[in-house]
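# Notes for the structure review
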Amino acid sequence: MLEVEFETIPTVPTADEVLDRSLRRAAAKKKLKTNIDKANEEFVRAVGSAIHDKLKSVVSSFPSFERLPPFYQEVTDILVSLDRIKKSLGAVSWAADQARIVGSGYTRSMRSGVDTDQKRRQAVARIASIVHQVEDDLAFLNEARNILRKLPHVSEDEFTVVVAGFPNVGKSSFIRLVSTAEPEIAAYPFTTKGVIVGHREIGKRDRIQFIDTPGVLERPADERNPIEKQAVSAIINTADVVLFILDASEHCGYSIDDQIRLQDEIRQLVDVPVETVVNKADIRGIEGYPAMSTLTGEGVDEVLDLLLTYRKEATQTNLREPPQPETQE
Ligand SMILES: Nc1nc2c(ncn2[C@@H]2O[C@H](COP(=O)(O)OP(=O)(O)OP(=O)(O)O)[C@@H](O)[C@H]2O)c(=O)[nH]1
Ligand SMILES: [Mg+2]
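Conventions and cut-offs
- Residues numbered from 1 in each chain as written.
- Chains lettered and ligands numbered in written order.
- Predicted model: local features only at pLDDT ≥ 70, side-chain atom pairs only at ≥ 80, totals over all residues.
- Pairing = 2+ DSSP bridges.
- Helix = DSSP H or I, 4+ residues; strand = E, 2+ residues; numbered from the N terminus.
- Near = placed C-beta within 6 Å.
- Nonpolar A, V, L, I, M, F, W, Y, C, P; charged D, E, K, R; others polar.
- Axes fitted to C-alpha atoms, helices over the stretch in contact; angles between N-to-C directions.
- Contact = placed C-beta atoms within 7 Å.
- Domains from an automatic or database assignment.
- Buried ≥ 20, exposed ≤ 12 C-beta atoms within 10 Å, placed from the backbone.
- Left-handed = near helix turned anticlockwise from the far one by under 90°.
- Expected span 1.5 Å × (residues − 1).
- Core = buried A, V, L, I, M, F, W, Y, C linked by C-beta atoms within 7 Å.
- Parallel < 35°, antiparallel > 145°, perpendicular 65-115°, else oblique.

### Thoughts on the pairing of strand β2 (residues 196-202)
- The pairing of β2 with strand β3 (residues 206-212) spans seven bridges and is classified as antiparallel. Residue I202 lies in a different strand from β3, and its bridge partner there is D206.
- Hairpin connection from β2 to β3: three residues lie between these consecutive antiparallel strands, with G203 at a positive phi of about 65 degrees.

Here it is in structure tokens:
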């Protein structure tokens with residue numbers, strides 16, 4: 001399983017923090033030298049290399065986005081812009097190299113006979129200006145880090161049901177009933193603002209992954225907001241089966257026709273099965289679709305059983321392993 005390491009990205013320091021820390025370290029080294037020229041030389045070399053190391057460690061604390069699963073690449077792009085992250089990482093890496101180059105250049109220039117105190121001050125000013133040039137990049141990377149670390153863990157290996165539909169139709173109510181996830185439920189649209197992951201144990205050793213998504217409106221893809229775009233990305237990139245929930249009561253605030261059009265769009269977007277069920281059947285059902293009510297619990301087990309039939313098919317076709325006998329579960 002490819003682990004997504006967003007949670008382990010440490011806080012990205014500000015430009016001033018990078019400078020203060022490196023100057024303090026270098027000052028400690030300078031104290032060890034008794035000859036003033038040697039001390040200045042050591043100081044400048046140490047500042048350059050401390051800044052180099054710190055900035056490079058910022059860059060390497062971010063994962064290489066090309067190697068992440070497509071869902072994480074897309075969501076990163078939706079939430080913080082992949083291009084901007086790459087540009088900022090490039091700028092910080094450049095500053096790291098420049099700091100070391102300038103540090104060792106000044107170190108070499110401190111021959112006997114030159115005013116090494118003056119050289120030291122010039123070197124520190126040059127290096128500080130390099131670090132300040134990437135001040136905005138460091139601040140942006142810290143914002144990105146704060147957003148990315150909150151993304152849920154989506155496993156690529158587990159059989160995954162993605163629950164989709166218009167806002168307010170009862171997606172989160174279903175996820176709450178059948179999985180470990182505890183999404184917020186409320187009587188207004190866009191209660192769920194990001195992808196939420198839960199699990200359900202199947203037998204003793206196995207589990208499936210349930211993904212709750214924000215509601216999606218029936219409108220052109222480029223008009224969708226970032227919340228809807230995350231939902232579409234999860235549907236396209238993570239689902240083994242999509243559970244599309246219709247609200248026939250229209251209590252959600254949207255017409256059945258619009259909901260069916262969205263369902264058709266999603267069927268076109270994915271290669272996996274899309275199972276459509278009608279929720280809020282305690283108010284109203286539609287002929288021809290399985291019905292459930294997350295309020296009364298009616299029909300929910302049947303919907304789960306239906307989803308699990310896809311899991312068996314996926315197990316047989318993907319893994320080419322014989323299904324486990326039912327009696328052992
Ligand atoms: N009568 C009835 N109400 C339901 C049922 N399921 C959900 N609701 C209500 O519908 C509203 C929306 O439920 P949520 O589960 O938050 O819907 P959602 O699809 O996750 O909504 P978003 O996150 O906004 O997209 C809440 O007021 C629920 O109590 C149901 O089976 N019957
Ligand atoms: Mg929800």
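### So, unusual backbone geometry
- Phi angles above zero are rare outside glycine, and N168 is one such case at about 75 degrees.
- Along the chain, the position of N168 falls in the loop between β1 (160-165) and α7 (171-178).

### As for the site of ligand 1
- Neighbouring ligand 1 are 23 residues; G170, S172, A187, T192 and G215 lie closest to it.
- The biggest single contributor to the shell around ligand 1 is α7, with three residues.
- Among the residues forming the shell around ligand 1, the class breakdown is ten nonpolar, ten polar and three charged.

### Considerations on the sheet that holds β3
- Judged by pairing direction, the sheet is mixed, and its five strands sit side by side in the order β2-β3-β1-β4-β5 without closing on themselves. Of all strands in the sheet, those with a lone pairing partner are β2 and β5 (274-279), marking the two edges. The average angle at which neighbouring strand axes cross in this sheet is 25 degrees, direction not considered.
- Here strand β4 (residues 241-247) pairs with β5 via six bridges, running parallel. Within β5, the position partnered with L246 by the bridge is V278.
- Relative to β3, α7 is tilted by about 160 degrees, and along the sheet it contacts β1, β2, β3, β4 and β5.
- Running over the sheet, helix α9 (residues 256-269) touches β1, β4 and β5 and is turned about 170 degrees from β4.

### Observations concerning the domain arrangement of the chain
- As far as domains go, the chain holds domain 1 (6-148) and domain 2 (160-328).
- Distance between the C-alpha centres of domain 1 and domain 2: 46 Å.
- Contacts between domain 1 and domain 2 engage six residues on the former and seven residues on the latter.

### Some remarks on the pairing of β3
- Burial within β3 is extensive, with five of its seven residues counted as buried.
- In terms of strand pairing, β1 meets β3 through four bridges, oriented parallel. Directly across from V161, in β3, lies its bridge partner F210.

### Quick look at the packing of helix α1 (residues 15-30) against helix α2 (residues 36-61)
- Packing of α1 against α2 brings their axes to within 8 Å, and their N-to-C directions diverge by 145 degrees. Remark: the crossing between α1 and α2 carries right-handed chirality. Along its contact with α1, which presents V18, R21, S22, L23, R25, A26, K29 and K30, the element α2 presents A39, E42, F43, A46, V47, A50, I51, K54 and L55.
- Classifying every residue of the contact of α1 with α2 by side-chain character gives ten nonpolar, one polar and six charged.

### Regarding helix α8 (residues 226-238)
- Here α8 is 13 residues long and its end C-alpha atoms lie 18 Å apart, about the 18 Å a rise of 1.5 Å per residue gives.
- When α8 is considered as a whole, its buried residues turn out to be E228, Q230, A231, V232, S233, A234, I235 and T238.
- Looking at the packing, one finds that the buried side of α8 touches α3 (70-80), β1, β3, β4 and α9.

### Details of the environment of Y254
- Its place among the elements puts Y254 in the loop between β4 and α9.
- For the pair Y254 and P189, spaced 65 residues apart in sequence, the C-alpha separation works out to 10.0 Å.
- Among all residues touching Y254, those that are not within four sequence positions of it are F166 and Q259.

### What to know about the nonpolar core
- Counting residues in hydrophobic clusters, the biggest one holds 45 residues, and the most contacted among them are V162, V163, A164, I235, V242 and L243.
- The element that contributes the greatest number of residues to this core is β4, accounting for six residues.
- Structurally, this core is a two-domain feature, drawing no fewer than three residues from each of domain 1 (6-148) and domain 2 (160-328).
- Leave out the neighbours within four places in its chain, and V162 touches I211, T213, A234, I235, T238, A239 and V242.

### Side note on the environment of K193
- Note on placement: K193 falls in the loop between α7 and β2.
- A residue is classified by how many C-beta atoms lie within 10 Å of it, and K193, with 14 of them, is partly exposed.
- Linking K193 and A231, residues 38 residues apart in sequence, is a C-alpha distance of 9.0 Å.
- Contacts of K193, omitting those with residues within four sequence positions, involve P214 and I227.

### Description of the packing of α3 against helix α6 (residues 135-148)
- The interhelical angle for the contact between α3 and α6, taken along N-to-C directions, is 125 degrees, at an axis separation of 11 Å. What the angle tells us is that α3 and α6 run oblique. Crossing of α3 against α6: the hand is right-handed. Seen from α3, the contacting residues are T76, L79 and V80; seen from α6, they are A144, I147 and L148.
- Broken down by class, the residue content of the contact of α3 with α6 amounts to five nonpolar, one polar and no charged.

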